[in-house]
Amino acid sequence: MSKAFTKESESDDDDDGPSLPALPQGSRNYMTPEGYARLRAEFMQLLDVERPKIVEIVSWAAKNGDRSENGDYLYGKKRLREIDRRLRFLTKRLDIAEVVDPSAHHGSDQVFFGATVTYANSKGEERTITIKGIDESDSLAGEVSWVSPIARTLLKAREGDELQLVTPVGVEPIEVVEVRYPTPAKPGA
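Residues numbered from 1 in each chain as written. Predicted model: local features only at pLDDT ≥ 70, side-chain atom pairs only at ≥ 80, totals over all residues. Heavy atoms only, no water.

Concerning the overall build of the protein chain
Reasoning step 1: The number of helices and strands found in the protein chain is three helices and seven strands.
Reasoning step 2: Taken from N to C terminus, the helices and strands of the protein chain fall in the order β-α-α-β-β-β-β-α-β-β.
Reasoning step 3: When burial is assessed residue by residue, the protein chain has 33% of its 189 residues classed as buried.
Reasoning step 4: Here the contacts in the protein chain between residues at least 6 apart in sequence split such that 59% fall between residues at least 24 apart. (Helix = DSSP H or I, 4+ residues; strand = E, 2+ residues; numbered from the N terminus. Buried < 20%, exposed > 50% of the residue type's maximum accessible area, 1.4 Å probe, protein only. Contact = heavy atoms within 4.5 Å.)

And the structure:
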């Protein structure tokens, strides 16, 4: 068989995901309403605005003759593949998304998905994190994925509970100091 008909690697066509972690096998893709809206907006922007614009550029460039040395054509095709890959990824993630409104637990002192938790380590240093979905967490903003070690340790704990956080350097005792949830939206607002 000619080399032209073989794949260079098995993951070339199936690599839909960017650098986001995979969902644990058999679990749901929990998301906050804001996270779902953000992913949906990105999907619609790519589908309705960016992709048609790139298709138009590629079509125009293809009419200009020699495609092998046409920068607009080559870049456009590459960008089109990137957009299509991201659209496939977003479609898969949005299809299995389970939107969970954290404000439903407003006033609770128990840690569930969407909670903003302040905890203290054995040295008394406090840290505040918000437990979010895999596709929406941002560690620079103090947001962690619900599948992260700290989130798994904190889930279902209550204010005042002392827990054992397993870290790469050993087990660290932590205490839940405060649990907060967003205020529910007023009906009709």
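Structural notes on the pairing of strand β3 (residues 116-121)
Reasoning step 1: Burial within β3 is extensive, with six of its six residues counted as buried.
Reasoning step 2: Where burial is concerned, the two faces of β3 agree: the one with T116, T118 and A120 and the one with V117, Y119 and N121 are both buried.
Reasoning step 3: In the sheet, β3 pairs with strand β4 (residues 126-132) via five bridges, with the strands oriented antiparallel. Bridge pairing in β4 links T116 to T130.
Reasoning step 4: Hairpin remark: β3 followed by β4, antiparallel, with four residues in the connecting loop; positive phi at G124, about 90 degrees. (Pairing = 2+ DSSP bridges.)

Observations concerning the packing of aromatic side chains
Reasoning step 1: One pass over the full model with this rule turns up two aromatic pairs.
Reasoning step 2: Here the aromatic rings of Y30 and F113 are separated by 6.0 Å at their centres, their planes lie at 45 degrees, and the arrangement is tilted. One end of the pair, Y30, is in strand β1 (residues 29-31); the other, F113, is in the loop between β2 (97-99) and β3, and 83 residues separate them in sequence.
Reasoning step 3: In this structure F113 comes out as buried when scored by relative accessible area, which is 10%.
Reasoning step 4: Between Y30 and W146, the ring centres sit 5.2 Å apart and the planes meet at 80 degrees, which makes this aromatic pair edge-to-face. Here W146 lies in the loop between β5 (143-145) and α3 (149-154) and Y30 lies in strand β1, a separation of 116 residues in the sequence.
Reasoning step 5: An aromatic cluster is present here, built from Y30, F113 and W146 joined pairwise through their rings. (Phe/Tyr/Trp six-rings, centres within 6.5 Å; stacked < 30°, edge-to-face > 60°.)

What about helix α2 (residues 71-95)?
Reasoning step 1: The end-to-end C-alpha distance of α2, which contains 25 residues, comes to 36 Å, matching closely the 36 Å that a straight helix rising 1.5 Å per residue would cover.
Reasoning step 2: Taken together, the buried positions of α2 are Y73, G76, L80, I83, R86, L87, F89, L90, R93 and L94.
Reasoning step 3: Each element contacted by the buried residues of α2 is listed here: β1, α1 (33-62) and β2. (Expected span 1.5 Å × (residues − 1).)

A word on the sheet that holds β4
Reasoning step 1: An order of β5-β4-β3-β7-β6 is seen for the five strands of this open sheet, with the pairing classed as mixed. Two strands bound the open sheet, and with one partner strand each, they are β5 and β6 (162-167). Each neighbouring strand pair of the sheet contributes to a mean axis angle of 45 degrees, computed without reference to strand direction.
Reasoning step 2: Two elements, β3 and strand β7 (residues 170-180), share six bridges in a ladder whose sense is antiparallel. Note that in β7 the partner of N121 across the bridge is I174. (Axes fitted to C-alpha atoms, helices over the stretch in contact; angles between N-to-C directions.)

Quick look at unusual backbone geometry
Reasoning step 1: A positive phi angle is found at K156, which is not glycine, with a value near 75 degrees.
Reasoning step 2: With respect to the helices and strands, K156 occurs in the loop between α3 and β6.

A closer look at the environment of F43
Reasoning step 1: Along the chain, F43 turns up in helix α1.
Reasoning step 2: With 47 residues separating them in the primary sequence, F43 and L90 have C-alpha atoms 6.5 Å apart.
Reasoning step 3: If we skip the residues at most four places from it in the chain, F43 touches L87, L90, T91 and L94.

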